[in-house]
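Close look at the chain arrangement
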Amino acid sequence: MELVTSGEMRAIDASAIEEIGIPQEALMENAGRAVAEEARRFAETAGKGADFGWLILAGKGNNGGDGLVCARHLRDMGFRVAVLYAEPPERMQGAAALQRDIASRLGIPARVYALSDTGADAANAGWFAGFDGLIDALLGTGSAGEPRAPYASLIEAAVQSGLPVVAVDIPSGLNADTGAVAKASIRAKVTVALAYAKRGLHQHPGAGRAGEVVVRPIGIPADAAERAGVHTYLLNAESLKAKLGLSVPLPRKEDSHKGTYGHVLVAAGSALMSGAGLLSARAALRAGSGLVSWAQPAAAAPGLRGFAPEIMLRAVPDEGAGEWRLVKPERLAEAAAGVDALVVGPGMGRWDGDGAWLRNLLERVAAPVLVDADALNMIADAGAQPGVWPRREAPTVITPHPGEMARLAGMTVSEAQRDRIGLAREYAARHGVTVVLKGARTVVASPDGRAFVNTTGNSGMATGGSGDALAGIVGSLLGQGLNALEAAAYGAYWHGLAGDRAAASRPQAASLIAGDIIEAL
Ligand SMILES: NC(=O)C1=CN([C@@H]2O[C@H](COP(=O)(O)OP(=O)(O)OC[C@H]3O[C@@H](n4cnc5c(N)ncnc54)[C@H](O)[C@@H]3O)[C@@H](O)[C@H]2O)[C@@H](O)CC1
Ligand SMILES: [K+]
């Protein structure tokens, strides 16, 4: 379940080979066979069976070596097989060169890619004629930057051929660490991740190019990543259990009474955006809180009576203004005294000096706090030290979308999206807050360096109010006694799972609304 960078993978490979003594050739043999088995599974689902012709695109490195082992095993399985070397094979070295010689001794047909002297594009040069699928063994974790010639044109020809691709380790052209994709990059139906999934397979746009990601062991000891200090995990039921000791669904305590599941105060919504507060409060109830109070500036509270009978309304003195602007932070802190968690931010609006207001509040509240939406922007714009959080005894969890993360970190959105795992982890460690960086493949990062990449959720959840619901869910879990990372990870996973369930029970056309997510919890 660990996700690794190419650097971490190289260290793990080196340790297995040099310190433990597992022959590199053994790893490559296991890798190639695993890819062949996944390719056979793909061919069978494609209903083509043995008359499926595979063309192995082999680069000059060990990724190419894996491809040659795969070619040999596919042929032994009865498939038609040929090899197309990206570069003259005499450039291969070490384990890859050994596989080149074996393939040649076995008479596996091979050609060397070369742009015809007329420069006609490769697709028309008939390299792929007669084949049903491609094995992408061009570039793996050893590649860096845009694929250079001749890889770039061969990759583009492979894409143009429209043939289905099974990628070895990563689709060529993908940045294994960040998920960024080069102009020339393979779109795979299946990516066979060797030993561990590389981070880039689970961060967009790379995640959208990898197809089905299958992690296959190749003989690296199972605890190698942990021993190498890798603390990045795919977020799913397995890792919630193994890494955080949380089972899905969370067990309900037997001797429960209202107090057992905590009391959450939601300070959210304002005269024009009361819905955000209501959605967060309802989500907290559905997520299992015993009690949920919805704090509102006193003059605005009567207008909200009866919205949700289960939610207690808490009027906070506001000098009659009905706006957060005139609520003193100490008054809201008093309302939060004795609750088990505070959610602050959704639909709160902005006002002059709101950064100092929020910092003052955070310094006074003893309970765990979930900060979302407008409250995040208050910290991002807070005068002298933008993006800096007050140190607190109790945990602070923040749930920024990419735009809010960018403002907090003082960068553009595209910069913030370049390496989401790296940014979330670095920001969490620097500010001592637990970060839930939303977006496709939400990243949860803890100040202690652990990070989880979420696998649940769907694009239909990019709808107003979905974030308010997440804020309520995580706040509820904090109130139920989960620690910051547990609440953030479980909350992100559960929110996405509910969104998937809500989407599944609706016709495609009817788009999701936040209430559907809450009801599906
Ligand atoms: N290191 C090991 O012991 C093992 C490695 N394995 C395989 O080996 C791969 C890593 O192999 P390598 O490190 O040899 O390198 P790769 O095979 O990933 O890269 C191929 C070669 O391309 C060249 N290259 C780098 N960037 C390029 C670019 N932008 N355009 C064109 N060429 C570029 C490099 O010189 C490199 O040798 C893994 O992805 C995995 O598939 C597995 O066989 C398991 C064992
Ligand atoms: K590859």
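Residues numbered from 1 in each chain as written. Chains lettered and ligands numbered in written order. Predicted model: local features only at pLDDT ≥ 70, side-chain atom pairs only at ≥ 80, totals over all residues. Heavy atoms only, no water.

Some points on the overall build of the protein chain
When its secondary structure is counted, the protein chain shows 17 helices and 19 strands. Projecting the C-alpha coordinates of the protein chain onto the three principal axes gives extents of approximately 85 × 50 × 45 Å. Looking at the protein chain as a whole, 56% of its 521 residues are labelled buried. Counting every atom, the protein chain has about 20,600 Å² of accessible surface; 52% of that belongs to carbon and sulfur. Counting 49 positive and 54 negative side-chain charges, the protein chain places the centres of these two groups 1 Å from one another. (Helix = DSSP H or I, 4+ residues; strand = E, 2+ residues; numbered from the N terminus. Buried < 20%, exposed > 50% of the residue type's maximum accessible area, 1.4 Å probe, protein only. Areas by Shrake-Rupley, 256 points an atom, 1.4 Å probe, with all protein chains shown as cover. Lys, Arg positive; Asp, Glu negative; His and termini not counted. Charge placed at Lys NZ, Arg CZ, Asp CG, Glu CD.)

What to know about the side chain of arginine 100
Position of arginine 100 among the secondary structure elements: in helix α4 (residues 94-105). A polar side-chain atom of arginine 100 sits 2.8 Å from a polar atom in the side chain of aspartate 101. (Polar contact = N/O pair within 3.5 Å; in protein donor to acceptor, adjacent residues only side chain to side chain.)

Regarding the pairing of strand β2 (residues 53-58)
Counting buried residues in β2 gives six out of six residues, a clear majority hidden from the surface. Every second residue of β2 is oriented toward a common face, with Gly53, Leu55 and Leu57 on one face and Trp54, Ile56 and Ala58 on the other, all of them buried. Examined bridge by bridge, β2 and strand β3 (residues 80-85) share six bridges and lie parallel to one another. Looking at the pairing, leucine 57 lines up with leucine 84 of β3. The handedness of the β2 to β3 crossover, carried by helix α3 (residues 62-76), is right-handed. Here five bridges tie β2 to strand β5 (residues 133-137), and the two strands are oriented parallel to one another. Counted as the bridge partner of leucine 55 is leucine 134 from β5. (Pairing = 2+ DSSP bridges. Right-handed = clockwise from strand over helix to strand, strands pointing away.)

Some thoughts on the pairing of β3
Extensive coverage of β3 is indicated by the burial of five of its six residues. In the sheet, β3 pairs with strand β4 (residues 110-112) via three bridges, with the strands oriented parallel. Bridge pairing links tyrosine 85 to valine 112 in β4. As for the winding sense of the linkage, the β-α-β connection from β3 through α4 to β4 is right-handed.

Considering the site of ligand 1
The local shell around ligand 1 holds 24 residues, among which Asp66, Gly140, Ala144, Arg148 and Asp169 are the closest. Asparagine 63 places a polar side-chain atom, nitrogen or oxygen, 2.8 Å from an oxygen atom of ligand 1. Separating an oxygen atom of ligand 1 from a backbone N or O atom of glycine 140 is a distance of 2.7 Å. Going through the elements one at a time, α1 (6-19), α2 (24-45) and α3 are the ones with two or more residues in the shell around ligand 1. In terms of residue class, the shell around ligand 1 is built from nine nonpolar, nine polar and six charged. (Near = heavy atom within 4 Å. Nonpolar A, V, L, I, M, F, W, Y, C, P; charged D, E, K, R; others polar.)

A few points about the pattern of salt bridges
Inspection of every chain in the model, using the stated rule, returns 23 salt bridges. The shortest N-O distance in the salt bridge between arginine 216 and glutamate 38 comes to 2.7 Å. Placement of arginine 216 in strand β9 (residues 212-216) and of glutamate 38 in helix α2 is noted, with a sequence separation of 178 residues between them. There is no split in this pair, since arginine 216 and glutamate 38 are both buried. Among the salt bridges present, the one from arginine 227 reaches aspartate 223, with a minimum N-O distance of 3.3 Å. (Salt bridge = Lys/Arg side-chain N within 4 Å of Asp/Glu carboxyl O.)

Considering the sheet that holds strand β14 (residues 341-344)
Across the sheet, which stays open at both edges, the 10 strands sit in the order β10-β19-β18-β17-β16-β15-β14-β11-β12-β13 with mixed pairing between neighbours. A single partner strand is all that each edge strand has here, and the edge strands are β10 (232-235) and β13 (312-316). Neighbour-to-neighbour, the strand axes of the sheet open up by a mean angle of 20 degrees, direction not taken into account. The pairing of strand β11 (residues 263-267) with strand β12 (residues 291-297) spans five bridges and is classified as parallel. Note on β12: the bridge partner recorded for leucine 265 is serine 293. Strand contacts of helix α8 (residues 274-286): β11 and β12, with the helix running at about 165 degrees to β12, the strand carrying the most contacts. Sitting on the sheet, helix α14 (residues 420-431) touches β10, β16 (396-398), β17 (434-437), β18 (443-445) and β19 (451-454), and the angle it makes with β18 is about 25 degrees. (Axes fitted to C-alpha atoms, helices over the stretch in contact; angles between N-to-C directions. Contact = heavy atoms within 4.5 Å.)

Comments concerning the nonpolar core
Leu332, Leu358, Val371 and Trp389 are the most contacted members of the largest nonpolar core, which has 55 residues in total. Here this core spans two domains, since at least three of its residues come from each of domain 1 (16-226) and domain 2 (242-249 + 258-519). Look past the residues within four positions of leucine 358 in its chain and what remains in contact with it is Val344, Val371, Ala375, Met378 and Ile379. One finds Leu244, Leu370, Val474 and Ala514 within the second-largest nonpolar core, a separate group that totals 46 residues. (Core = buried A, V, L, I, M, F, W, Y, C linked by side-chain atoms within 4.5 Å. Domains from an automatic or database assignment.)

Regarding the domain arrangement of the protein chain
The domain boundaries assigned to the protein chain delineate domain 1 (16-226) and domain 2 (242-249 + 258-519). Counting from both sides, the interface comprises nine residues of domain 1 and, opposite them, 11 residues of domain 2. A buried area of about 770 Å², summed over both sides, lies between domain 1 and domain 2, and 45% of it is on carbon and sulfur atoms. Where domain 1 packs against domain 2, one counts one salt bridge. Residue glutamate 226 is joined to lysine 243 by a salt bridge in which the shortest nitrogen-to-oxygen separation is 3.9 Å. Along the contact surface separating domain 1 from domain 2 lie two residue pairs in polar contact (both at pLDDT 80 or more). (Buried area = accessible area lost by both parts, 1.4 Å probe.)

Considering unusual backbone geometry
Both trends apply: most residues other than glycine have a negative phi, and most peptide bonds are in trans. In this model, alanine 149 is joined to proline 150 through a cis peptide bond whose omega is 0 degrees. With respect to the element layout, proline 150 can be found in the loop between β5 and α5 (151-161). Backbone torsion omega between valine 248 and proline 249 reads -5 degrees, so that peptide bond is classified as cis. Along the chain, proline 249 turns up in the loop between α7 (237-244) and β11. At alanine 195, a position not held by glycine, the phi torsion is positive, near 75 degrees. Summarising the element assignment, alanine 195 is placed in the loop between β7 (190-194) and β8 (197-198). Relative accessible area serves as the criterion here: at 13%, alanine 195 is assigned to the buried category.

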